[in-house]
Amino acid sequence: GILQRITLEPHNQRWLFALDRPVRSPRWSRSLPGNIIQALWDVKTPIRYEIRSRTDAGPDYLPRVNQRWALQLPDDLNNRIVELGRQWRNKAATVFDVIKQAENFFLENNFIYTLNPGEMNLDDPLADFLFNKRMGFCEHFAAAFTLLMRAADVPARVIVGYQGGEYNQVGKYLEVRQSEAHAWVEV
């Protein structure tokens, strides 16, 4: 594993972060399903901690018990979203074929990543994103892709974390800011 020494600025929440899949966390924290690490109290002052992570989990990491919840769909999910995912599944020989069809859907329909997509229809924001606006930020893409995968019978979940950072050559550390917050999908 990779040992990390992390200094975390106060954020008044309980979340802690680590690379990839944490396997050993501080005594004063707890591990939750989905590789979530939380402090036992709100982080109101700067803290330092060590955490060890694995990066070799591989594609079969999600335990079977978690695969069931990673297939659940909301009862009120728009039928067009469900039907599109099922179409992809019916045309696919493998999970990778389903993913490729989804990738093609986003490319061929000229989806645009923007931090200013405007308001989505509050009654059905993901259907509005997928079938009308076709512009949004990482949370829009991640939520829509996850539901489409689940509709195609592919276990999927949204992951929220950080992408990027600035390496300090002198201090030999990586500074990660809130502006590097990101959402993506694991299938």
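The paragraphs below set out a description of the structure included in this document. (Residues numbered from 1 in each chain as written. Predicted model: local features only at pLDDT ≥ 70, side-chain atom pairs only at ≥ 80, totals over all residues. Heavy atoms only, no water.)

**Notes on the pairing of strand E5 (residues 36-39)**
Remark: a regular strand shows side chains that alternate across the two faces of the sheet.
Reasoning step 1: Of the strand pairs in this sheet, strand E2 (residues 15-16) and E5 are connected by two bridges, and their pairing is antiparallel. Bridge pairing links leucine 16 to isoleucine 37 in E5.
Reasoning step 2: Looking at chain direction, strand E4 (residues 29-32) and E5 are connected through four bridges and run antiparallel. Paired with serine 31 across the strands is isoleucine 37, a residue of E5.
Reasoning step 3: In textbook terms, the turn of a hairpin is the stretch between consecutive antiparallel strands, and for E4 and E5 this stretch comprises three residues, one of which, glycine 34, has a positive phi near 85 degrees. (Pairing = 2+ DSSP bridges. Helix = DSSP H or I, 4+ residues; strand = E, 2+ residues; numbered from the N terminus.)

**Points about helix H5 (residues 138-151)**
Reasoning step 1: For H5, which comprises 14 residues, the first-to-last C-alpha distance of 20 Å matches the rise-based estimate of 20 Å (1.5 Å per residue) to within 8%.
Reasoning step 2: Among the 14 residues in H5, eleven count as buried, and that is most of the element. (Expected span 1.5 Å × (residues − 1). Buried < 20%, exposed > 50% of the residue type's maximum accessible area, 1.4 Å probe, protein only.)

**Section: unusual backbone geometry**
Reasoning step 1: A positive phi angle, close to 60 degrees, is found at asparagine 12, a residue other than glycine.
Reasoning step 2: Topologically, asparagine 12 is positioned in the loop between strand E1 (2-8) and E2.
Reasoning step 3: Here lysine 172, not a glycine, exhibits a phi torsion of approximately 55 degrees, which is positive.
Reasoning step 4: Following the sequence through the fold, lysine 172 ends up in the loop between strand E10 (166-168) and strand E11 (173-175).

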